[in-house]
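# Breakdown of the fold
Now for the letters of each chain:
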Amino acid sequence: MPQRALLTIPLLIILSLAACHKPTHLSNDGYSWEEAPPLVLRTSLNDSLSAKALQQLQLTNTPGVQVKYNNSTYVNYFEYKADRELLLRTIASLPFSRYAMRADTVCYRIPMKDLALIRKGISDTEYEASSFFWDADANTFDIYECYKAPMKHTLLISRNSTTVLHRIEFVG
């Protein structure tokens, strides 16, 4: 009888572990891992730009929104005030990976249709979290883009003020 009791304990442990295992098809509240919606988090411009760039732009504690996807990509959105020419020079001078396939040395203007193409590719969650960027009146902003691998900066710079809407996408 004591041997049976000794065999029962490991069996109970194995059964309890199996009972605690959540089936993969039920993980993420009914979504498969590939379908899981992105996370929306708070971030700061301090996490995205170098201390030198922030000092040049005279920006401190600029809050933003981060949309993080389950494939390890993410996008950050910010709104702040900055001088147009200083901002464009600062973003253009940001460092980039030495192995980058593409890296811009200047920020270049892009047409509204290019911004619309980017918009088509984002998730509903990302749109909701960053509607201040996507719903901005395109007629009052100039649109610039600058690749600094592994990041892509998309800037909406107001024509009438110092308002900047900044999207920073991790492109790998």
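Above this text is the structure in question.
Residues numbered from 1 in each chain as written. Predicted model: local features only at pLDDT ≥ 70, side-chain atom pairs only at ≥ 80, totals over all residues. Heavy atoms only, no water.

### Overview of helix H3 (residues 84-92)
Taken as a whole, H3 has its buried residues at Arg 84, Leu 87, Leu 88, Thr 90, Ile 91 and Ala 92. Those residues of H3 hidden inside the fold are in contact with helix H2 (51-57), strand S3 (74-81), strand S5 (141-148), strand S6 (151-158) and strand S7 (163-170). Measuring from the side-chain oxygen of the N-cap residue of H3 to the backbone nitrogen of Glu 85 gives 3.3 Å; that N-cap residue is Asp 83. (Buried < 20%, exposed > 50% of the residue type's maximum accessible area, 1.4 Å probe, protein only. Helix = DSSP H or I, 4+ residues; strand = E, 2+ residues; numbered from the N terminus. Contact = heavy atoms within 4.5 Å. Polar contact = N/O pair within 3.5 Å; in protein donor to acceptor, adjacent residues only side chain to side chain.)

### Points about the packing of aromatic side chains
Enumeration over the complete set of coordinates arrives at five aromatic pairs. Taking 6.4 Å as the distance between ring centres and 70° as the angle between the ring planes, the aromatic pair formed by Tyr 77 and Trp 134 counts as edge-to-face. With Tyr 77 in strand S3 and Trp 134 in helix H6 (residues 131-134), this residue pair connects regions lying 57 residues apart in the sequence. Across the pair, exposure class does not vary: Tyr 77 and Trp 134 are buried alike. (Phe/Tyr/Trp six-rings, centres within 6.5 Å; stacked < 30°, edge-to-face > 60°.)

### Things to note about the state of the cysteines
Under the definition given, this model contains zero disulfides. Lacking any disulfide linkage, Cys 107 is separated from the closest cysteine sulfur, that of Cys 146, by 3.7 Å. A relative accessible area of 0% means that Cys 146 is categorised as buried. (Disulfide = S-S within 2.5 Å.)

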